[in-house]
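Observations on the model geometry
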Amino acid sequence: MHTVTIEPFETIYSWVTRIHRKRGSMDLALTNRALFNQTSVHIHPYLPNQLNSLAHSTRTDPNHLIRYHTLFPLFHYFVPLGDRFYNCMKFGRKPVARALKLPSTGFSQANHYRFCPVCAKEMRLSTGVVIIDIRHQLPGVEGCFKHACHLNSVETSKVFDRELLSPLTVSPINSCLPKTHAFSCFCTDFLSLAIETNSVFDLVVYKGELERQGFFNESGRLLVGKVGRALLDFYDDLELSQEIGNGFSIRSLSRLFNQQHDYYIHPLFHMLLAFWLFDGDVQKFKWHDSKAGLIDLLDF
């Protein structure tokens, strides 16, 4: 079939959009059938499914698509469900987050595809190919890591994609605050490291720095309330979407240290903690292979 080469950091949605236009067919159902073996499809911005069918139809490697064109590496690091997660993205028919009951921020981004208006304009002028970048889909990230401006978005149906949309090359350009830009850079750099690691998350990555900054009491228990208040003060000038900001509280942060079996929290909250704790330096985040975890940390 007629296809195009997927660009570095391009999302699956963006790639399928360009394939559909390359085919020259106005009927999206025909493209969906050719790529996914079904007429109605919804492509999630960063955790798409049915990638094995797509890879087979386009003669690409599904492992490459999952690793470099989705946020699987980030989510898998903090939510290590092993083959279940991987196979759900390759073969699953249900939305990945719903099928695996992944942790949520409380705000669905499933039909919002975000882009930087400056990046879009530059791509149009330099190559003529405008893509949606997977690094701009990081939940909670509101600014472009490259241009320090707010991300815009195109929005589709929440159930099935009735049309495929591309970034608008003529759209508002609004600068973001310095901390919003710095957080975007941190999360983007963290994703690059997550792509290359084979380890899974352990709370031990936070312990040394929390101890150094005096967030443990004399009994060796973590003062979660003190951590939470420091975080909320620090992020007073961080631009988060209203929906995510409303869910950002000491209680939500305390869940980061919950050690119950099979209890996970959304990667965004880890990013918020790590950015503050390590002074925005992603290199200070130590990647551990341990799966034991720290227990009995909370001091309520």
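Scope of this entry: the structure provided in the associated data block. (Residues numbered from 1 in each chain as written. Predicted model: local features only at pLDDT ≥ 70, side-chain atom pairs only at ≥ 80, totals over all residues. Heavy atoms only, no water.)

1. Re the nonpolar core
Judged by nonpolar contacts, the single largest core of 77 residues is most densely connected at F85, F183, Y206 and L210. For this core, the element with the most residues is helix α14 (residues 267-277), which contributes 9 residues. Sequence-distant contacts of L210, that is, excluding residues within four places in its chain, are made with F215, F216, L222, V227, F257, W276 and L277. With 6 residues, the next largest nonpolar core counts C116, V118, C144 and L151 among its residues. (Core = buried A, V, L, I, M, F, W, Y, C linked by side-chain atoms within 4.5 Å. Buried < 20%, exposed > 50% of the residue type's maximum accessible area, 1.4 Å probe, protein only. Helix = DSSP H or I, 4+ residues; strand = E, 2+ residues; numbered from the N terminus. Contact = heavy atoms within 4.5 Å.)

2. Re helix α4 (residues 62-69)
Along α4, the positions that sit buried rather than exposed are P62, L65, I66 and H69. Along α4, the residues classed as buried sweep out an arc of 115° about the axis, all on the same side. Structurally, α4 contributes buried residues whose contacts are with α1 (12-23), α3 (51-58), α5 (72-78) and α6 (83-91). Measuring from the side-chain oxygen of the N-cap residue of α4 to the backbone nitrogen of N63 gives 3.0 Å; that N-cap residue is D61. (Arc of directions from axis to C-beta. Polar contact = N/O pair within 3.5 Å; in protein donor to acceptor, adjacent residues only side chain to side chain.)

3. Examining the side chain of H69
Tracing the backbone through its elements, the reader meets H69 in helix α4. Residue class for H69 comes out buried when judged on its relative accessible area of 3%. Polar side-chain contacts of H69 include one of 2.8 Å to the backbone oxygen of E10. Those residues within four positions of H69 in sequence are excluded, and the remaining contacts are I6, E7, P8, F9, E10, T11, I12, H64 and I134.

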